Amino acid sequence: MVPITYQVVGEEDYALKISIASDGAFTVDSGTYTSEPPRSGQLTDLQEAGLIASIKQLGIPREHPMPEGATAFEAQLTVGERGAEANYVFWEGALEEDAQLNDLVRRLEQI
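Values in this document were obtained by computation on a predicted structure and should not be read as measured data.

Novice: Would you mind showing me how to read the packing of helix α1 (residues 45–58) against helix α3 (residues 99–109) here?
Specialist: Any two packed helices are characterised by the angle at which their axes cross and by the distance between the axes. Two elements in contact, α1 and α3, have axes whose closest approach is 9 Å; the angle formed by their N-to-C orientations is 155°. Taken together, the axes of α1 and α3 lie roughly antiparallel to each other. Where α1 crosses over α3, the handedness of that crossing is left-handed. For the pair α1 and α3, the contacting residues are G50, L51, S54, I55, Q57 and L58 in the first and Q100, L101, D103, L104, R107 and L108 in the second.

Novice: Looking at this structure, how should I read the nonpolar core?
Specialist: Across soluble globular proteins, you tend to see nonpolar side chains buried next to one another. Membership of the largest hydrophobic core comes to 26 residues, with the highest contact counts inside it found for Y6, I20, L77, F90 and L108. Mapped onto this core, the elements with two or more residues apiece are β1 (4–9), β2 (15–20), β3 (25–29), α1, β5 (74–79), β6 (86–91), α2 (94–97) and α3. Per element, the largest residue contribution to this core is four residues, and it comes from α3. Sequence-distant contacts of Y6, that is, excluding residues within four places in its chain, are made with L16, K17, I18, A75, Q76, L77, F90, V105, L108 and E109.

Novice: I tried to follow the sheet that holds β1 on my own but got confused; where do I start?
Specialist: Reading across the sheet, the six strands line up as β4-β3-β2-β1-β5-β6 and stay open at both edges, with antiparallel pairing between neighbours. On the outer flanks of this sheet lie β4 (39–42) and β6, each paired with one strand and no other. For this sheet the average axis-to-axis angle between neighbouring strands, irrespective of direction, equals 10°. Taken together, the six bridges between β1 and β5 define a ladder with antiparallel strand orientation. If you follow V9 over to β5, its bridge partner there is E74. The sheet strands contacting α1 are β1, β2, β4, β5 and β6, and the helix crosses β5 at an angle near 100°.

Novice: Even after reading the chapter, I still don't get the pairing of β2, so can you show me in this structure?
Specialist: Side-chain positions along a regular strand alternate between the two faces of the sheet. Note: β1 against β2, six bridges, orientation antiparallel. Paired with V8 across the strands is L16, a residue of β2. Note: β2 against β3, four bridges, orientation antiparallel. The residue bridging S19 from the neighbouring strand is T27, located in β3. Connecting β2 to the next strand, β3, in antiparallel fashion are four residues, including G24 with a positive phi near 90°.

Novice: Honestly, the pattern of salt bridges in this entry has me stumped. Any pointers?
Specialist: Charged atoms that come close allow side chains of opposite charge to pair. One pass over the full model with this rule turns up two salt bridges. Residues D103 and R107 are paired through a salt bridge, measuring 3.4 Å at the closest nitrogen-oxygen approach. Within this pair, D103 and its partner R107 are both found in helix α3, separated by four residues, close to a single helical turn. On the basis of relative accessibility, which here comes to 28%, the residue D103 falls in the partly exposed class. In this structure, the salt-bridge partner of R106 is E109, at a minimum N-O distance of 2.7 Å.

Cut-off values and rules
Residues numbered from 1 in each chain as written. Predicted model: local features only at pLDDT ≥ 70, side-chain atom pairs only at ≥ 80, totals over all residues. Heavy atoms only, no water. Axes fitted to C-alpha atoms, helices over the stretch in contact; angles between N-to-C directions. Helix = DSSP H or I, 4+ residues; strand = E, 2+ residues; numbered from the N terminus. Parallel < 35°, antiparallel > 145°, perpendicular 65-115°, else oblique. Left-handed = near helix turned anticlockwise from the far one by under 90°. Contact = heavy atoms within 4.5 Å. Core = buried A, V, L, I, M, F, W, Y, C linked by side-chain atoms within 4.5 Å. Buried < 20%, exposed > 50% of the residue type's maximum accessible area, 1.4 Å probe, protein only. Pairing = 2+ DSSP bridges. Salt bridge = Lys/Arg side-chain N within 4 Å of Asp/Glu carboxyl O.

By themselves, these observations are geometric and do not establish any function.
Encoded structure:
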């Protein structure tokens, strides 16, 4: 598996962090400790295959800056081993414009 870290920071202290290690172990920290504690597990073969397929389609990181005056979630996606990772920084509206990025993010959110 390709290591992945996906972090979202939004309004009213909303936070989400999904980390996947090279062995397929994952942690999901929604930042809502009072209602949902962090959880961890192991990707299924189907989840891993889907994520790898989405990563292969992703391509070169593209900038998706938040338009001035917009109020939305900002996210950072890091894909790859330390020292050889690709970083994608984007706002939630970019997911409507970038189908490959949207596909990977949606797969991560289903974990």
